[in-house]
Amino acid sequence: MGLHYQRRKLANYIALGVSVASAVFGIFFLFWILKDVFTFGFAALNADFFTQVPAPPGEAGGGMANAILGTLTITVLATAFGVPAGILAGTYLSEYGRKSKTASVVRFVSDILVSAPSIVIGVFVYAIVVKPFGGFSALAGALALAIIMLPVVIRTAEEMLKLVPDSTREAALALGAPHWKVTVSVVYRGALRGIVTGVMLAVARVSGETAPLLFTSFNNSFWNFNLTEPTATLTVTIFNYAMGPYEDWHQMAWGAALLITAMVLLVTIISRIIVRGRAG
Amino acid sequence: MAENLKEKTGELDISSSGADGYVSLSARRQSSGKLGDAVFKGVAYGFAFSVILLMALLFIVLVKESWLSIKAFGFSFVYSSIWDPVAQEFGALPSIYGTIVSSIIAIVIAVPISLGIAIFLTEMAPKRLKGPIGTAIELLASIPSIIYGMWGLFVFAPFLSEYVEPFLIDYLGFIPLFTGAPLGIGMLPAGFILAIMIIPFISSVTRDIFQMVPSILKESGYGVGATKWEVIRKIVFPYARSGVIGAVILGLGRALGETMAVTFLIGNAQEIKLSLLDPATSISATLANEFTEAVEELYLSSLVELGLILFLITFVVLALAKLLIARFSYKGGKL
């Protein structure tokens, strides 16, 4: 009895120890990566970084101002394309389609698109926009990001709209309001916080995307204010600089990495606080 | 204001001349409500349906753009291992092999750790630690993949080549998988970084599924004197099995399509080597490196066909994952 009991207890402690070690493993890598991004990144940041365009290869100095602007432009455009479309499609799923065949197919397809390889979306946009219209452009990049955003927004919007109880909808309908008005001024209002959080997370996610931008917005070493021209972004610049041979390029890449990471983490943490506030 | 008043009086005084005004007003309101409903529903339906069209268009466009290569190489594209842009000779096997092997390495490393994390979060962690640790693990998922790639290249690869790979070669070198030079880049480093990237996905889905195990089942286990580990192994695991398999396949789908981290670490060599320490390539890495350099029609078309193959593989894998997880009525979209 004693031996058997000891053995079971031992197995228990080993298993629980392994599970604690797993959690430690995950957190260890999170901190290791963040520590390096922050220390190397801060060393690279200075006033020039935010105000200058890249210096010619091999020359010291220069900055990433054009890439910062490019990332902002493309992300804002992608949000403008992807979010309204996603919210409306999500509205269809939660308010009209519900258990219909179309709705379940849309859900299935969205869930697959959420995890589809983003580089394939880049190839797709290259084929339908870049090739026929004769060149890389900020618009093509924004379209690729919007396609990546769309399924994320659809599923979050649906989840959040579903949290609004049906009795609220029925109360508004009973007052004689048309269905669309109930949706816009009652259901949307109820789900606003959740939808805003979901949209923020989706925006944060696409702003860190690189693969779909490689063949769509491409890159540019200069200022560009034309949406139909190749445009630099922070992420594609990181790719080119980190793969490049110069030490100060690597420095700049760390700076850009810090900027992107800090932004994404900040948005993620803020949206988590918002969600928690609602739950509590 | 005046209209409002009229509406109110009209309702009370149906026989008076005001009734006409009320009826027509209300009819107008109703028809505008109906029109509004039809338009709103139509637009919402249109956008929802556009997702299905988008998926169809993705397939059609990829097939159309890779037609040149499909015609030129036929099925041999999939099993030929020659990738020679100069000779215009293209075979996808090295890329497909790299994609699959690096993802398998990722899964082998990530699954036990993710299960451990899920167990820790659902069964062990004190309430005060649950939130922060869960969040920390999920923050791993929010770090952009280019950051993983860059960190992997500048920090992790030198670390591996200095401390870990010489050790592997010295002590496990008798296994063909661990031969070669300690470069720090190759199949194993790429798979390892992929593992870190998919751990948060697998562990958060698994945690959600573990939480759905009815506590009465677990309590009856404890009631007959089982240890925590026995409850987990004999009650939680069997109950959650298909959902956990779904979560693992979801992680696999993520790993297969991941681009930037792999591109930095896999070494980009169009060859198939048995050793996991040698440089290799993957579909996504080949695309990222060569797509903008491809000038010739056939070269470009072959690259698109690579993309098509990747899309087909991930489509099947993700559909399978979704079907398995759906049995747990897990509501997707959070990831």
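The present account deals with the structure reproduced in this document. Being a predicted model, the structure only gives us computed values, none of them experimental.

Concerning the overall build of chain B
Step number 1: The secondary structure content of chain B amounts to 13 helices and two strands.
Step number 2: The 335 residues of chain B split such that 52% are buried.
Step number 3: The long-range fraction of contacts in chain B, counting pairs at least 24 apart against all pairs at least 6 apart in sequence, stands at 73%.
Step number 4: With the model as given, the accessible surface of chain B reaches about 15000 Å², and the carbon-plus-sulfur share is 66%.

Some words on the overall build of chain A
Step number 1: On a plain count of helices and strands, chain A comes out with 11 helices and zero strands.
Step number 2: For chain A, the N- to C-terminal ordering of α and β elements is α-α-α-α-α-α-α-α-α-α-α.
Step number 3: When the backbone C-alpha atoms are referred to their principal axes, chain A occupies close to 70 × 70 × 35 Å.
Step number 4: Counting across all 280 residues of chain A, residues that qualify as buried make up 55%.
Step number 5: With 19 positive and 13 negative side-chain charges, chain A shows a separation of 18 Å between the mean positions of the two kinds.

Some points on helix H5 (residues 118-130) of chain A
Step number 1: The buried count for H5 of chain A comes to 12 of 13 residues, which makes it a mostly enclosed element.
Step number 2: Within H5 of chain A, burial applies to Ser118, Ile119, Val120, Ile121, Gly122, Val123, Phe124, Val125, Tyr126, Ala127, Val129 and Val130 of chain A.

A word on the environment of valine 264 of chain A
Step number 1: Residue position: valine 264 of chain A is located in helix H11 (residues 247-279).
Step number 2: Sequence separation of valine 264 of chain A and methionine 200 of chain A is 64 residues, and the distance between their C-alpha atoms is 9.6 Å.
Step number 3: Ignoring anything within four residues of it in the chain, the contact list for valine 264 of chain A reads Ala204 and Ser207 of chain A together with Ser142 and Pro144 of chain B.

Description of the nonpolar core
Step number 1: With 190 residues, the main nonpolar core has Tyr148, Trp151 and Phe291 of chain B as its most contacted residues.
Step number 2: The residues touching tryptophan 151 of chain B, leaving out its near neighbours within four places in the chain, are Phe29, Trp32, Ile33, Asp36 and Trp254 of chain A together with Phe156 and Ile193 of chain B.

What counts, and where the lines are drawn
- Residues numbered from 1 in each chain as written.
- Chains lettered and ligands numbered in written order.
- Predicted model: local features only at pLDDT ≥ 70, side-chain atom pairs only at ≥ 80, totals over all residues.
- Heavy atoms only, no water.
- Helix = DSSP H or I, 4+ residues; strand = E, 2+ residues; numbered from the N terminus.
- Buried < 20%, exposed > 50% of the residue type's maximum accessible area, 1.4 Å probe, protein only.
- Contact = heavy atoms within 4.5 Å.
- Areas by Shrake-Rupley, 256 points an atom, 1.4 Å probe, with all protein chains shown as cover.
- Lys, Arg positive; Asp, Glu negative; His and termini not counted.
- Charge placed at Lys NZ, Arg CZ, Asp CG, Glu CD.
- Core = buried A, V, L, I, M, F, W, Y, C linked by side-chain atoms within 4.5 Å.

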